[in-house]
Amino acid sequence: MSVSQTASPAPLELTVRNALRSPRMLRTEVLAGLVVALALIPEAISFSIIAGVDPRLGLFASFTMAVSIAFLGGRPAMISAATGAIALVIAPVARTYGLDYLIATVLLAGVFQIVLGIVGVARLMRFIPRSVMVGFVNALAILIFLAQVPHVVDVPWLVYPMIAVGIAIMVALPRISTVVPAPLVAIVALTAFTLLAAVTVPDVGDEGELPDSLPSLFIPDVPWTFETLRIIAPFAFAMALVGILESLLTAKLVDDITDTHSDKTRETLGQGGANVITGLFGGMGGCAMIGQTMINVKVSGARTRISTFLAGVFLLILVVGFGDLVALIPMAALVAVMIMVSVGTFDWHSIRPATLRRMPKSETLVMAVTVAVTVVSHNLAIGVVVGVLVAMTLFARRVAHLTETHRELVENRDGTRSAVYRVTGALFFASSNDLYTQFEYADDPDHVVIDLYASHVWDASTVASLDAITTKYARKGKTVEIIGLNPSSAERHERLSGSLPSH
């Protein structure tokens, strides 16, 4: 008598269609979107203040960016909205030239991002080393935490225990139940406490006025001249680059967390399209938000575009339809949420003594530089660019030291002698400059052989060095024979040799 066993059903693939069919998945997406929307409100208002514009511009930008990127983006569950990095870039435009020039800058930045997406700038992401990524994540966690400091300075003493209670709820509740996201429970509980106890603490309403109407079409009133382009183009291009860099780094981080892949080119194009749409509705523009994305993906467990779309929809409903109620949410609740996001975002493994002992010092230095520059500048893009430059410099230095030259004197059949130099390693600008000094020009016989079988010629600097070596030997009446070039190196040497300036 055989007993048949029924295999347990495979887990549903995390797609929009499956989420709509699964009440459990849909509940997770809906509640995650609600939590993100609540967290977006004070941040959007704060970023508007940084940019020097009305809070409505930040709130409308967060709505249009989230809704647009839900359809256009290449990374499901990633949140895009008004951000501090973008606010810092465009603040001088608003301060010096006014709102219309600001919106024109946002529109042009969106166009730039679309163009950069078409030419494939997203592929450059593979040149960002892991140490820079770790530095980016750690710096982001520090910036998220530091952004909460103003909300805990010169405030009533009751704010501190409220923050502690909020953190305790978010730590303890997931161990009991994950039906409702812990951040949402903390926000509701602390809001209910302030209303029932009639205590006076800073709330969302203190951050700025909430809009009471829907966003409408906005065409910037600027002269369509070259002078206008000259004014806004530098800011627009900087905004485009910062937005792409921050969005693609965030997408890569979500890829790692969810063990899935995303379409980086589509994300770049989507960011551009979302910024154009945002500009047309009078928003200040934006990009991916690492903090809110971590709330959505890591804390709330969302995985599809539904949560991103609903975050934007809930945001608009909350600020327009329930603005009076949302204004009563204590800032202590949102500070507690962001502190937990900061703690969860930081890569604690990267600073453990055991990790630091095992990790090459150069990798640790790159991470530290990325963190330091980002925290000091409050600009993730600058920190990442500096981190990549430091990583490239250290890598070139390390690889250059792996290049070796071995000299051997050999007897030829005709009784003459030749000096054979066997070069191993990658030959490029950092290593080839030292190559010139590795030869004994005065003591070598009349015939010199440079064997490059175990090396590769990567650039014009190496060809110029080989030409300089040949020329110096020629001045002493000696001949040089270069052998062992692989096809790529031979083609590069043949094409460039003799056409480059000498040392």
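Residues numbered from 1 in each chain as written. Predicted model: local features only at pLDDT ≥ 70, side-chain atom pairs only at ≥ 80, totals over all residues. Heavy atoms only, no water.

K.L.:
Explain the pairing of strand β6 (residues 479-483) to me, using residue names and the numbers behind them.
P.N.:
The pairing of strand β5 (residues 447-457) with β6 spans 5 bridges and is parallel. Each bridged residue has a counterpart across the sheet, and for Ile450 the counterpart in β6 is Ile482. Taking the sense of rotation as the criterion, the β-α-β connection linking β5, helix α19 (residues 460-475) and β6 turns out right-handed. (Pairing = 2+ DSSP bridges. Helix = DSSP H or I, 4+ residues; strand = E, 2+ residues; numbered from the N terminus. Right-handed = clockwise from strand over helix to strand, strands pointing away.)

K.L.:
A description of the sheet that holds β6 should follow, citing residues and the corresponding values.
P.N.:
Spatial strand order, β3-β4-β5-β6: 4 strands in an open sheet with mixed pairing. Strand pairing shows two members of the sheet lacking a second neighbour, β3 (404-411) and β6, which therefore form its edges. In this sheet, adjacent strand axes meet at a mean angle of 20° when their direction is disregarded. Here strand β4 (residues 417-427) pairs with β5 via 9 bridges, running parallel. If you follow Ser418 over to β5, its bridge partner there is His447. Sitting on the sheet, helix α20 (residues 487-496) touches β5 and β6, and the angle it makes with β5 is about 120°. (Axes fitted to C-alpha atoms, helices over the stretch in contact; angles between N-to-C directions. Contact = heavy atoms within 4.5 Å.)

K.L.:
I'd like to hear about the pairing of β4, residue by residue, with values.
P.N.:
With 8 bridges connecting them, β3 and β4 associate as antiparallel partners. Bridging across to β4, Arg407 finds its partner in Tyr421. In this structure, the hairpin formed by β3 and β4 is closed by a connection of 5 residues, where Gly415 is found at a positive phi of approximately 90°. Since β4 and β5 lie parallel, the crossover through helix α18 (residues 429-435) that links them has a hand, and here it is right-handed.

K.L.:
Can you tell me about the nonpolar core, naming the residues and giving the values?
P.N.:
One finds Ile41, Ile128 and Met284 to be the most contacted residues of the largest nonpolar core, which totals 109 residues. Examining the composition of this core, we find that 13 residues originate from one element, helix α9 (residues 226-258), more than from any other. The residues contacting Ile41, other than those within four sequence positions of it, are Leu59, Val204, Leu210, Leu315, Leu318, Val319 and Val326. Of all hydrophobic cores here, the second largest spans 16 residues; its members include Leu427, Phe439, Leu466 and Ile469. (Core = buried A, V, L, I, M, F, W, Y, C linked by side-chain atoms within 4.5 Å. Buried < 20%, exposed > 50% of the residue type's maximum accessible area, 1.4 Å probe, protein only.)

K.L.:
Break down a nonpolar patch on the surface for me, with residues and values.
P.N.:
A cluster of nonpolar side chains, namely Phe71, Leu72, Leu217, Ile219, Trp224, Ile277, Phe281 and Phe309, defines an oily patch on the protein surface of about 840 Å² accessible area. Locating Leu217 in the fold gives a position in the loop between α8 (182-197) and α9. (Patch = residues over 30% accessible without salt bridge, like charges linked within 9 Å, V, L, I, M, F, W, Y side chains within 5 Å. Areas by Shrake-Rupley, 256 points an atom, 1.4 Å probe, with all protein chains shown as cover. Salt bridge = Lys/Arg side-chain N within 4 Å of Asp/Glu carboxyl O.)

K.L.:
Help me get a handle on the environment of Leu409, residues and values and all.
P.N.:
In this structure, Leu409 sits in strand β3. Exposure remark for Leu409: the relative accessible area of 37% places this residue in the partly exposed category. It is 4.6 Å that separates the C-alpha atoms of Leu409 and Ala419, two residues lying 10 residues apart in sequence. Setting aside anything within four residues of it in sequence, one finds Leu409 in contact with Arg417, Ser418, Ala419 and Pro445.

K.L.:
How would you sum up the confidence of the model for the protein chain? Please name residues and give values.
P.N.:
The predicted model of the protein chain averages 87 in pLDDT, with 97% of residues at 70 or higher. A low-confidence stretch, residues 1-12 (pLDDT under 50), is modelled with 3 contacts involving residues beyond four sequence positions or located in other chains. (pLDDT = per-residue confidence, 0-100.)

K.L.:
For the pattern of salt bridges, give the residues involved together with the corresponding values.
P.N.:
The final tally for this structure, using the stated rule, is 9 salt bridges. Close ionic contact of Glu408 with Arg422 constitutes a salt bridge, the shortest N to O distance being 2.6 Å. Here Glu408, found in strand β3, pairs with Arg422, found in strand β4; they are 14 residues apart in sequence, far enough to count as distant. Given the relative accessible area of 37%, Glu408 is considered partly exposed. Exposure remark for Arg422: the relative accessible area of 37% places this residue in the partly exposed category. One network of salt bridges, with partners in common, ties together Arg75, Asp255 and Lys264.

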